[in-house]
Amino acid sequence: GLKVTVNTDDPGIFGCTLSGELASLVEQQGFTPRELADVQINGFNAAAMPDDARQRVLNEIESLVKHVTV
């Protein structure tokens, strides 16, 4: 039940990117597309942003994950 997010605090200092961190979850931890989507959904649900913009992004994530084949 723990809500987990992935982010990069300071990519310039730590030499990381969000896409690199997400790729690491797949390569090193075996995350599935659904699990990656859930992590991103958690992040957007925690973000300080307008509700309409959040909903557009969440809809896009759901649409994308439906089209991924593993």
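Whatever comes next refers back to the structure up there.
A brief report on the enclosed structure follows. (Residues numbered from 1 in each chain as written. Predicted model: local features only at pLDDT ≥ 70, side-chain atom pairs only at ≥ 80, totals over all residues. Heavy atoms only, no water.)

## Topic: the environment of alanine 37
Here is step 1 of the chain: Following the sequence through the fold, alanine 37 ends up in helix α3 (residues 33-46).
Here is step 2 of the chain: Excluding residues within four positions of it along the chain, alanine 37 makes contact with Ile61 and Val65. (Helix = DSSP H or I, 4+ residues; strand = E, 2+ residues; numbered from the N terminus. Contact = heavy atoms within 4.5 Å.)

## Overview of helix α2 (residues 18-29)
Since there are 3.6 residues in each turn of an α-helix, residues three or four apart along the chain are aligned in direction.
Here is step 1 of the chain: Taking 1.5 Å of rise per residue, the 12 residues of α2 would be expected to cover 16 Å, and the 16 Å separating its terminal C-alpha atoms lies within 8% of that figure.
Here is step 2 of the chain: Glycine 30 sits one or two residues past α2 and shows a positive phi near 75°. (Expected span 1.5 Å × (residues − 1).)

## Remarks on the side chain of arginine 54
Here is step 1 of the chain: Within the element layout of this structure, arginine 54 appears in helix α4 (residues 51-66).
Here is step 2 of the chain: Look at arginine 54 and you get buried, because its relative accessible area is 13%.
Here is step 3 of the chain: At 2.9 Å, the side chain of arginine 54 and the backbone oxygen of alanine 47 are in polar contact.
Here is step 4 of the chain: Only 3.0 Å separates the side chain of arginine 54 from the backbone oxygen of methionine 49, close enough to count as a polar contact.
Here is step 5 of the chain: Residues in contact with arginine 54, not counting those within four places in the same chain, are Phe44, Asn45, Ala47 and Met49. (Buried < 20%, exposed > 50% of the residue type's maximum accessible area, 1.4 Å probe, protein only. Polar contact = N/O pair within 3.5 Å; in protein donor to acceptor, adjacent residues only side chain to side chain.)

## Thoughts on the pattern of salt bridges
Here is step 1 of the chain: In total, this model carries 4 salt bridges according to the counting rule given.
Here is step 2 of the chain: A salt bridge links aspartate 51 to arginine 54; the shortest N-O distance between them is 3.4 Å. Of this pair, aspartate 51 and arginine 54 both sit in helix α4, 3 residues apart, roughly one helical turn.
Here is step 3 of the chain: With a closest N to O distance of 3.6 Å, arginine 56 and aspartate 52 form a salt bridge. (Salt bridge = Lys/Arg side-chain N within 4 Å of Asp/Glu carboxyl O.)

## Details of the layout of surface pockets
Here is step 1 of the chain: As a volume, the largest pocket reaches approximately 190 Å³.
Here is step 2 of the chain: Looking at the lining of the largest pocket, the elements that each hand over two or more residues are α3 and α4.
Here is step 3 of the chain: Tallied by class, residues from the lining of the largest pocket come to 10 nonpolar, 1 polar and 1 charged. (1 Å grid on protein atoms, 1.4 Å probe; cavity = no way out; pocket = protein on both sides within 12 Å on 5 of 7 lines; lining within 4 Å. Points joined across faces, edges and corners; volume = space filled by probe spheres on them. Nonpolar A, V, L, I, M, F, W, Y, C, P; charged D, E, K, R; others polar.)

## Details of the environment of asparagine 7
Here is step 1 of the chain: Within the secondary structure layout, asparagine 7 lies in the segment before α1 (11-14).
Here is step 2 of the chain: Spatially, the C-alpha atoms of asparagine 7 and valine 39 are 10.0 Å apart, while their sequence positions differ by 32 residues.

## A closer look at α4
Here is step 1 of the chain: Taking 1.5 Å per residue as the helical rise, α4 with its 16 residues ought to reach 22 Å, and the 23 Å between its terminal C-alpha atoms agrees with that figure.
Here is step 2 of the chain: Ala53, Arg54, Leu58, Ile61 and Val65 are the residues of α4 that are buried. Take α4 and look down its axis: the buried residues cluster within an arc of 135°, on one side only. Seen from the open side of α4, the exposed residues pointing more than 90 degrees away from its buried face are Arg56, Glu60 and Lys66.
Here is step 3 of the chain: Those residues of α4 that are buried lie in contact with α3. (Arc of directions from axis to C-beta.)

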